[in-house]
Structures are given as structure tokens and as C-alpha cells.
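Chain by chain, the residues run as shown.
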2 protein chains.
Amino acid sequence: MSNYIRYSYKELEKFCNDCFNKFGFTEDESRIITDVLLLSDLYGIESHGMQRLARYHKGIEKGLIKIDAKPEIVYETPVSAVIEGNDGMGQLISHKAMSIAIEKAKNTGMAIVTVRNSNHFGIAGYYAKMACDAGLLGMAMTNSEAIMVPTFGRLAMLGSNPIAVAMPAEPYDFFFDASTTVVTRGKLEIYNKLNKPLPEGWALDSKGKGSSDASDVLKNIVAKNGGGIMPLGGETEQTGSHKGYGYGMFCEIFCSILSMGLTSNHTHIGGKGGTCHGFIAIDPKVFGDPAAIKEHLSTFLKELRESPKSEGQTRIYTHGEKEIFAKADRLQNGIDVNINTVKEMFDMCNYVGLNPVDYLGDVKFDNSTESSYN
Amino acid sequence: MSNYIRYSYKELEKFCNDCFNKFGFTEDESRIITDVLLLSDLYGIESHGMQRLARYHKGIEKGLIKIDAKPEIVYETPVSAVIEGNDGMGQLISHKAMSIAIEKAKNTGMAIVTVRNSNHFGIAGYYAKMACDAGLLGMAMTNSEAIMVPTFGRLAMLGSNPIAVAMPAEPYDFFFDASTTVVTRGKLEIYNKLNKPLPEGWALDSKGKGSSDASDVLKNIVAKNGGGIMPLGGETEQTGSHKGYGYGMFCEIFCSILSMGLTSNHTHIGGKGGTCHGFIAIDPKVFGDPAAIKEHLSTFLKELRESPKSEGQTRIYTHGEKEIFAKADRLQNGIDVNINTVKEMFDMCNYVGLNPVDYLGDVKFDNSTESSYN
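Just so we're clear, the structure is a prediction, and the values are computed from it rather than from any experiment. (Residues numbered from 1 in each chain as written. Chains lettered and ligands numbered in written order. Predicted model: local features only at pLDDT ≥ 70, side-chain atom pairs only at ≥ 80, totals over all residues. Heavy atoms only, no water.)

## Some details on the nonpolar core
- Ranked by size, the top nonpolar core spans 80 residues in total, and within it Phe254(A) and Phe254(B) carry the most contacts.
- Those residues in contact with Phe254(B) that lie beyond four places of it in its chain are Leu137(A), Ile282(A), Ile112(B), Thr114(B), Met141(B), His277(B), Gly278(B) and Ile280(B). (Core = buried A, V, L, I, M, F, W, Y, C linked by side-chain atoms within 4.5 Å. Buried < 20%, exposed > 50% of the residue type's maximum accessible area, 1.4 Å probe, protein only. Contact = heavy atoms within 4.5 Å.)

Okay, structure coming up:
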């Protein structure tokens, strides 16, 4: 039995747009949210696409995400802005923030926009790509609910703190988007569902010791009992744990520190979200000829792809290549959505007063289907 | 028998200043080079302090480093500069580059200076610290001779590509300085000297397979036979290899790509150095009150240090803390220099026409002392 149902991009786009519109977002706003979510599914980052819908829905219901909130610029210079998100939808605040960074960078050469009191913004890469699509070097970062345990600690103090970097290149842009933890919580959830032991170097138990028990680690994270996910580089300095922890700090500086917002260890406590983001846009023209710089990067990426492979490997990827191929495939052949997620999408339709069958077809769910709404 | 001789900071400072002066650098230039090298020793980063002297000396002898070369600004805007290093001494070019970045950032809020055709610049952290000491958020990066093998590859294509970030905080500044490889070549050399097998997840043999044989890996690196050091995150995507490789690319973009310089895989070939650097300075005042931002960061760092420890651990470090303690200790108690390095310092004195005994005392070397000059 297949656990996935395939939908076309257009079908999911219509579903998302109409749902968010029904929630009370304007058409333009719904289009932005939909675009962010679906780019994630197109890029094969299932955890941040349709699968996230239920969590956004819950966030709206709980009042963590305020539909009518408008982001405000509270501090501004020609190269910078600080945005107070007022607990609005993360994608809308972030789209605005990166748009401001791009506009400023087009004028001054570079700009940084830092955001406080926002919510989950989807994939960081979406916003880095916005700058890249405008011909700029783009960066996007976010903090999150604490999940990364600092080296030698046993309590999560930093978020998954992804850093995304995108820069124009041919035939594929450079596009790097990764958490500064060794893996994300989504990976632990997959291992938990499959009842598989976690690989060494991923997670810590409540005492701060390496753990292969996904279920136990996830329970501890939810209950804030201690433990969590290791920084990129694992548990000890021997494998570079302090380096991943350092990149997590780098992210935190551009998100929560410069914005005077909540650091990850203070977000998502007591009915408050408080997520912070950071956006950077840099125009290559302030270093010379942008076309020559783009060609120079393209050459290096090509040299990397064509360099000798490790025994048994047939391919070296440059960052963003996998996503480009995944997108082309899914735009043509459709996007597979997990049956549990489809159930959540049905529940969401019913909640906002749309007929799910009109959007998603007449799907039969059996008792094994798990919806977050159950 | 002790393998180290202890010197005071003042003794080493005088030795370095006089040696570089004798090489033909001005007094001001010698002071900058000395300051960069000795900060490394003070911070406990032995590999980049006195131990590097022989390599600089060789670089000058071979003509890779040109004493009289003056860095030129070849492109400039109020927020940026591109510097042609003309194969000069890396420390001098980099000190100038970061000084320019700081000056521009004080005027505009932020600045990026990218450098091509330079040489090894010492520790990246020195330059990030320059910005931090001026009250700014500083970053410094460099590419290097290729040593990092990209994920699924078997040939080194990127350098150790360190990224340093420093930002003012109390009681210790945030100071992060780390290679984007899992470890540096210096660590492999230490294991080789001790005849110890390398830990898993560090190095690759000429076929691109994990290797614990330090001697074999080092020989292959020198002969460019393939193999090298893994990115932070190890060998496979499961442990995040593609992430370390991504940070290596981030470094390369700010160093070799924006400057139109040589990417790591093209440096140090055919009698040419060609090292590239990147420097970023950001004034927190463009985000609000710098004192409040500094206090906010200080609070988070304190919370990290005071957060619960893993079982068996007594301390969580924030980045830069170890260096501060090491510096205080070494300024008071002196700096231990490896006997092999002392031998190299003797040889260097003799080469430039100084009496080593005047600077380093009457040291007796036995046959086991290995100097790079032997």
C-alpha cells in the first residue's frame, strides 16, 4: 500500500492559496506563504512543505501566529533595518525583510535586516534565493525553539539555527541551506517512526550522553527534560562539536542578538513564539563585474563536480544541484504527499470551511492514518 | 627530558621584531607580523605562531612572499574594496585590508574587503579581533592550499578555509576561529609524530576512503596523490559532511570568488602562492544601541556557560574563553616553544645574521632535534 498520494504543483498551489485566504490572509499574502511552502516540497525538503501546515494551523489557533499582525521597521539606516514582527506569520515578515535587504543592497551594495518576534519562516533557503534571483549574494538565517545542546552541555540552548547562502551561477545557482545541528528534529522523527536506532553522533539523552533512542530523545525535547540534538561535528571537540556550536552562535548573532530579540533558549515558552531571523544581501557589483564573478564561481563549481570521485561514488554534488533536479522532476511529475499529511490537509479544509474533496480528491483514510488533529 | 623551552612574551617579541626587520621589513611592518604570530602562541594555537616561522622564511626564500610588495586597492566603493596583494606578506596585506574594512564600516555601517594574491596570514581570528577591538562585529576568512576533499570526492579541492567571527561581549568577547575541515593538517602532523592512528572521520586516503594512517595521508597531500582531510561533518551526509563542505564554499566565496582570485585548488601550484582572504566589519550601531546589543550577547553567553553540564563535564565554554585564559597565563608565565621550533629559530637567526644566543639563550640541541632547515 502506498503511503503517499501524488498531486500536481497546481493542485497543491490552489489548495494552499485558498486555505490561507480562508484563514484571513489577503490573496497576496496567501500567495507568498504558498510559494515558500511549495518551494520546499519542490526541492524535496518534505519536512518544511505541506507537512508543516498542521503546525502553522495550530500556531494560528493558539494565537502564537497573529494573522492581522503587520511587521514594523523599528530601526533603519541605508544598510540595515530592524523589524519587529509583532508575532505575525513568519513567511510574510521574512519576505518583507528580505525584500528590504535586496532594495537597500541594490542602492548601497550590501544590507542586513534583522527580525524579532516572528514565527517559523519555512526554509531559510527561500529568502537567500530571493536575493540570488535578484542577482545578489543572499543569506538567510533563523533561530528556533531550543534543540541544539552546546558542547559539554545537557540542555538545549540553541535552535536548529539554519544558515542559507545563495549566489548566482551557471548552470545552477550555488544554494546552501543547512541546520547547524548535525541533523534536524525531522530526521529523528523519521527514525522514530521506523523504530530504527539513531546513528552515533546525532542526539543526547537527558543526562547529556549520546543516545540512539529516538523516542526517548523526542519525548525529552517536548518535555524540556534535557538532551536534544548535537551541533554539526557531534559530541566531542575531536570531531568538531565546538565548530557546529560556533555556527549556531553565528546564526544567533544575526537573528536574536542584533535584533535584541529572544535567543533560542527563551523562545516558545509561556505561550510566546518570539522567533528571530537574519537576512543579508550583497551586490557583487561592489567588487567588480558581476558577470565575471558569476562566471568565476560557475567555473569553480564545475571543477568541483568534475573532480575525481571517491571509490564507489559516481558523482560529486555542488550545493543546490539536487534541489534543481528535484524541482524539475516534481514540476513535471507531481509532488508525493504523505497520507498522514493529506489527512491533516483534509482536517484543515474542514476547519476553514472548504470541501477537501474539491481540492484533494476522494481519499479514503484507514485507522492507521495519523493526523495531528486526532 | 623536556621538549619545550619557555620564553617570555617580551623575549619572543624582540626576537621576531628583529628577525623580520633583518629580512627587510620596516619596523612597523615587523611589529604587525610579530603581533599576529604571537597572538596565536598566546592563545595556545601553537601551529600558527613560532612554529610557522620556518614556513614564512622558506616562502620568502622561494620568492612566494615578496618583501617589498605593496597591496593595491583595485576596486572600491564606500562599503567594499578589492585588494591585489601582489604576493606580499599575508599579515601585512590582511592588516591593511581589515583596517580599511573597519574604517569603512565606521562610516557606512558595514564593509567587506576581499583580497587576492596574498600569502598565509596567520590566524584568521587576529583580524576578526581587530574589528571587535574597535567595537564592531568582525569576520575574517582565508582560503589555502587545497586540503579539504569535497563530499564523495577523492581529491582535495578546497583549503582548510577557516572562518573567524568576533563580537564585543563581557567579560570575554565572543571569538570563534575554526577551519571548515574537521581538523587542520597540524593535527595530522601531531598524530604522525606520536605514531598514533587517526580517529575515524578525519582523513581520506588516495582513493577517497577513510584512513587512520597519518603518515600516508600527509605524504599523499604533499605529492598531490589524492586524499586529504574531510570537511567538518566527516565522510558522509549522515554526519553532515555536505555542511562542512558548504561552509568551506562560503569561505571560498568571500575570499577567492568575490576577489576574482585563485580558488584553493589553483593556489600553491607552479611557484605561485595566490592565497585569498575575506574581511567583514559590521557596526552594531546600525541596529540600535551598541551597548544594549553587547549586553544582550553577554547575557546569552553567560546563560550558555551556566547551563547544565553533561554527566562528567564540569564546564561549558563559550567561544574565545579558552583563548582569554591561555593568554593571561602565557603573558604571566611565558610561552613554551617546541625544541624543534627553537632550532628553526636558531637557523633563522643565523640566516639573517643575528646571534641566536642573544635572543634565545645557549640552547644545546641533540641529534633528535628536527629543524625544517635540516
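Continuing now.
## Side note on the pairing of strand E6 (residues 163-167) of chain A
Residue and element names in this part refer to chain A.
- Among the five residues that make up E6, five are buried, leaving the element largely enclosed by the rest of the structure.
- Burial of the side chains of E6 extends over both faces: Ile163, Val165 and Met167 are buried on one face and Ala164 and Ala166 on the other.
- Bridging between strand E5 (residues 137-142) and E6 involves four bridges; their strand directions are antiparallel. Within E6, the residue paired with Gly138 across the bridge is Ala166.
- Pairing of E6 with strand E7 (residues 174-178), which is carried by five bridges, proceeds in the antiparallel orientation. Among the inter-strand pairings, Met167 is bridged to a residue of E7, identified as Phe174. (Helix = DSSP H or I, 4+ residues; strand = E, 2+ residues; numbered from the N terminus. Pairing = 2+ DSSP bridges.)

## Observations concerning the sheet that holds strand E2 (residues 72-77) of chain A
All names here are of chain A.
- Strand order in the open sheet formed by seven strands is E2-E3-E4-E11-E5-E6-E7, with mixed pairing between adjacent strands. Unpaired on one side and paired on the other, E2 and E7 mark the two borders of the sheet. With direction set aside, neighbouring strand axes in the sheet form an average angle of 10 degrees.
- Where helix H4 (residues 90-108) meets the sheet, its contacts fall on E2, strand E3 (80-84), strand E4 (110-118), E5 and strand E11 (275-282), and the angle it forms with E4 comes to roughly 160 degrees. (Axes fitted to C-alpha atoms, helices over the stretch in contact; angles between N-to-C directions.)

## Remarks on the relation of the copies chain A and chain B
- Note on the copies: chain A fits chain B at an RMSD of 0.0 Å, the axial shift is 0.0 Å, and the rotation between them is 180 degrees. What the rotation and shift describe, once combined, is the action of a two-fold rotation axis. For chain A, the residue whose C-alpha comes nearest the rotation axis is Gly233(A), separated from it by 2.6 Å.
- Here 100% of the contact residues of chain A are again contact residues in chain B; the copies associate through an equivalent surface. (Least-squares fit on C-alpha atoms with pLDDT ≥ 70 in both.)

## Re the packing of aromatic side chains
- Considering all chains together, one arrives at 30 aromatic pairs over all chains under this definition.
- Arranged with centres 5.0 Å apart and planes meeting at 85 degrees, the rings of Phe346(B) and Phe365(B) form a pair that is edge-to-face. Pair noted here: Phe346(B) is in helix H11 (residues 339-352) and Phe365(B) is in the segment after helix H12 (356-360), with a separation of 19 residues, a long-range link.
- For Phe365(B), a relative accessible area of 25% corresponds to the partly exposed category.
- These aromatic residues form a ring-pair network of at least three members: Phe20(A), Phe23(A), Phe25(A) and Tyr351(A).
- One residue, Lys343(A), lies across the ring of Phe365(A), its end atom 5.8 Å from the ring centre. (Phe/Tyr/Trp six-rings, centres within 6.5 Å; stacked < 30°, edge-to-face > 60°. Lys NZ or Arg CZ within 6 Å of the ring centre and 35° of its normal.)

## A closer look at the interface of chain A and chain B
- If you look at the interface, chain A gives 89 residues, while chain B gives 89 residues.
- Overall, the association of chain A and chain B removes approximately 7,500 Å² of surface from exposure, summing both partners, and the carbon and sulfur fraction of that is 71%.
- A salt bridge links Lys207(A) to Glu311(B); the nearest nitrogen and oxygen atoms lie 3.9 Å apart.
- Inspection of the region where chain A meets chain B yields 40 residue pairs in polar contact (both at pLDDT 80 or more).
- When residues of the side of chain A that touches chain B are traced back to their parent elements, those giving at least two are E2, E3, E4, E5, E6, E7, helix H8 (241-257) and helix H9 (290-306) of chain A. (Buried area = accessible area lost by both parts, 1.4 Å probe. Salt bridge = Lys/Arg side-chain N within 4 Å of Asp/Glu carboxyl O. Polar contact = N/O pair within 3.5 Å; in protein donor to acceptor, adjacent residues only side chain to side chain.)

## Section: the sheet that holds strand E4 (residues 110-118) of chain B
Residue and element names in this part refer to chain B.
- Pairing in this open sheet of seven strands is mixed, and the strands run E2-E3-E4-E11-E5-E6-E7 from one edge to the other. The strands lining the two open edges of the sheet, one partner per strand, are strand E2 (72-77) and strand E7 (174-178). Going across the sheet, the axis of each strand differs from the next one's by a mean of 10 degrees, ignoring polarity.
- Sheet analysis places strand E3 (residues 80-84) next to E4, joined by five bridges and oriented parallel. Looking across to E4, one finds that Val82 is bridged to Thr114.

## Quick notes on the confidence of the model for chain A
- Looking at chain A as a whole, its pLDDT mean stands at 95, while 98% of the residues score no less than 70.
- Among the prediction metrics, the complex's ipTM stands at 0.97, with pTM recorded as 0.97. (pLDDT = per-residue confidence, 0-100.)

## A short note on helix H2 (residues 27-42) of chain B
Residue and element names in this part refer to chain B.
- Taking 1.5 Å per residue as the helical rise, H2 with its 16 residues ought to reach 22 Å, and the 22 Å between its terminal C-alpha atoms agrees with that figure.
- What H2 keeps buried is the set Glu29, Ser30, Ile33, Thr34, Val36, Leu37, Leu38, Leu39, Ser40, Asp41 and Leu42.
- Here the buried face of H2 lies against helix H1 (9-23), helix H3 (53-62), helix H4 (90-108), helix H5 (124-133), helix H10 (321-333) and strand E12 (335-338).
- Where H2 terminates, the next one or two residues include Gly44, which has phi positive at roughly 85 degrees. (Expected span 1.5 Å × (residues − 1).)

## Quick notes on a negative patch on the surface
- Together, Glu200(A), Glu235(A), Glu200(B) and Glu235(B) make up a negatively charged patch on the protein surface.
- Tracing the sequence through the fold places Glu235(B) in the loop between strand E10 (228-229) and helix H8 (241-257).
- Taking relative accessible area as the criterion, Glu235(B) reaches 32% and is therefore assigned partly exposed. (Patch = residues over 30% accessible without salt bridge, like charges linked within 9 Å, V, L, I, M, F, W, Y side chains within 5 Å. Areas by Shrake-Rupley, 256 points an atom, 1.4 Å probe, with all protein chains shown as cover. Lys, Arg positive; Asp, Glu negative; His and termini not counted. Charge placed at Lys NZ, Arg CZ, Asp CG, Glu CD.)

## Description of the environment of Gly24(B)
Residue and element names in this part refer to chain B.
- Here Gly24 lies in the loop between H1 and H2.
- Residue Gly24 is classed as partly exposed on the basis of its relative accessible area of 45%.
- Linking Gly24 and Ala134, residues 110 residues apart in sequence, is a C-alpha distance of 30 Å.

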